[in-house]
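Here is what each chain is made of, one letter per residue.
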Amino acid sequence: MKLSQEQIGIIQERVESSSISIQSLKDDIVDHLCCVVEDQLGKGKNFETSLEGAIHELAPNGFDVIQQETIFLLNSTKIIVMKRVMYLVGLLSSMSFVLGTISAFMFWPGGWSGASELSIYGLFGFAFIFVPMLAYDYFKVNIQRALSEKLKIGLGVASALPIALSVVFKLLHLQGVQFLMLLGTGLFVFGFLPFLFFTMYKKSVS
């Protein structure tokens, strides 16, 4: 059964009212919904029930999820490359920091200076490259998460950076170590931990 212009307009209005920003995706969704609704009308169902059923079948979690999945598929190669770089940076920086620390305590060849530089590079790479990339990846994937969850991750990153920087300053004998350590510790204790236990409590009672 062919849809009337009024019925097509209703379907278009439903899709246009969503937050989908890709016009070609909107057109594809409208075409798909029209085909499914026409099929259901041919089986004797009414228009409203057919439309709601078609929308639920296509996007049970909302149209926004379809756009996110489409963007992910279009950028899957870039995302995979970014993840490889991110985890490689995390691996190499962690190894550098651990090896530098062990070398300093074991008095291996190269002296304290070489071990200190290795630890600094490793800590700097982990804190200021890997952790921000990890946080960005988390926010991109979990964009619809609750505000408390986002604040927890944001405060975790914000507390880790000054603490890591204070360690670097300490190794380089620079001023400002106490301020950075107090700033990072304050954000961790009074910012990250309350949101961490709040989200853990919400999950336990849900």
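Provided above is the structure to which this section pertains.
Here the structure is a predicted model, which means the values were calculated and not measured.

1. Observations regarding the overall build of the protein chain
So, point 1. A tally of helices and strands in the protein chain yields 8 helices and 0 strands.
So, point 2. Ordered by position from N to C terminus, the α and β elements of the protein chain give α-α-α-α-α-α-α-α.
So, point 3. Here the protein chain, with 206 residues, has 31% of them falling under the buried criterion.
So, point 4. At a minimum sequence separation of 6, the contacts of the protein chain that also span at least 24 residues come to 61%.
So, point 5. Taken as a whole, the protein chain presents about 13300 Å² of accessible surface, with 68% of it coming from carbon and sulfur.

2. Here we look at the nonpolar core
So, point 1. Core analysis: the biggest nonpolar cluster contains 19 residues, and Leu3, Ile11, Ile29, Leu33, Val37, Phe47 and Phe63 have the highest contact counts within it.
So, point 2. Elements with a minimum of two residues in this core: helix H1 (5-16), helix H2 (23-42), helix H3 (47-58) and helix H4 (63-74).
So, point 3. Of the residues forming this core, the biggest block, 8 residues, is contributed by H2.
So, point 4. What Val37 contacts, discounting residues up to four positions off in sequence, is Leu3, Ile11, Phe47, Ser50, Leu51 and Ala54.

3. Regarding the packing of helix H7 (residues 147-171) against helix H8 (residues 177-205)
So, point 1. Across the interface, H7 lies against H8 with an axial gap of 8 Å and an inter-helix angle of 155°. Regarding the angle of H7 to H8, the classification is roughly antiparallel. When you trace H7 past H8, the crossing you get is left-handed.
So, point 2. Looking at the contact of H7 with H8, its residues break down into 17 nonpolar, 8 polar and 5 charged.

4. Here we look at the pattern of salt bridges
A side chain with one charge can pair with a side chain of the opposite charge if their charged atoms come near.
So, point 1. This structure, assessed with the given rule, holds 4 salt bridges.
So, point 2. When the shortest N-O distance is used, the salt bridge between Arg14 and Glu52 registers 2.7 Å. Separated by 38 residues along the polypeptide, Arg14 in helix H1 and Glu52 in helix H3 bring together distant segments of the chain.
So, point 3. Owing to a relative accessible area of 30%, Arg14 belongs among the partly exposed residues under this scheme.
So, point 4. We classify Glu52 as partly exposed; its relative accessible area is 41%.
So, point 5. Lys83 is the partner of Asp137 in a salt bridge, and the nearest nitrogen-oxygen pair spans 2.9 Å. Separated by 54 residues along the polypeptide, Asp137 in helix H6 (residues 111-141) and Lys83 in helix H5 (residues 76-106) bring together distant segments of the chain.

5. So, H7
So, point 1. With 25 residues, H7 extends 37 Å from end C-alpha to end C-alpha; this agrees with the ideal 36 Å at 1.5 Å per step.
So, point 2. After H7 finishes, the residue His173 shows a positive phi value of roughly 60°.

6. Side note on the side chain of Ser159
So, point 1. Examined against the element boundaries, Ser159 turns out to sit in helix H7.
So, point 2. Accessibility expressed as a relative area gives 2% for Ser159, which makes it buried.
So, point 3. Leave out the neighbours within four places in its chain, and Ser159 touches Gly184, Leu187 and Phe188.

7. Overview of H2
So, point 1. For H2, spanning 20 residues, the distance from its first C-alpha to its last is 29 Å, which sits close to the expected 28 Å at 1.5 Å a residue.
So, point 2. Looking at H2, one finds that the buried residues are Leu25, Lys26, Ile29, Val30, Leu33, Cys34, Val36, Val37, Gln40 and Leu41.

8. Some words on unusual backbone geometry
So, point 1. You will see that His173, though not glycine, has its phi angle at about 60°, which is positive.
So, point 2. Mapped onto the elements, His173 comes out in the loop between H7 and H8.

9. Some thoughts on the side chain of Gln7
So, point 1. Position of Gln7 relative to the elements: it lies in helix H1.
So, point 2. What makes Gln7 buried here is its relative accessible area of 18%.
So, point 3. One polar contact links the side chain of Gln7 to the main-chain amide nitrogen of Ser4, over a distance of 3.0 Å.
So, point 4. Not counting residues up to four positions away in its chain, the partners in contact with Gln7 are Leu41 and Phe47.

Cut-offs used in this document
- Residues numbered from 1 in each chain as written.
- Predicted model: local features only at pLDDT ≥ 70, side-chain atom pairs only at ≥ 80, totals over all residues.
- Heavy atoms only, no water.
- Helix = DSSP H or I, 4+ residues; strand = E, 2+ residues; numbered from the N terminus.
- Buried < 20%, exposed > 50% of the residue type's maximum accessible area, 1.4 Å probe, protein only.
- Contact = heavy atoms within 4.5 Å.
- Areas by Shrake-Rupley, 256 points an atom, 1.4 Å probe, with all protein chains shown as cover.
- Core = buried A, V, L, I, M, F, W, Y, C linked by side-chain atoms within 4.5 Å.
- Axes fitted to C-alpha atoms, helices over the stretch in contact; angles between N-to-C directions.
- Parallel < 35°, antiparallel > 145°, perpendicular 65-115°, else oblique.
- Left-handed = near helix turned anticlockwise from the far one by under 90°.
- Nonpolar A, V, L, I, M, F, W, Y, C, P; charged D, E, K, R; others polar.
- Salt bridge = Lys/Arg side-chain N within 4 Å of Asp/Glu carboxyl O.
- Expected span 1.5 Å × (residues − 1).
- Polar contact = N/O pair within 3.5 Å; in protein donor to acceptor, adjacent residues only side chain to side chain.

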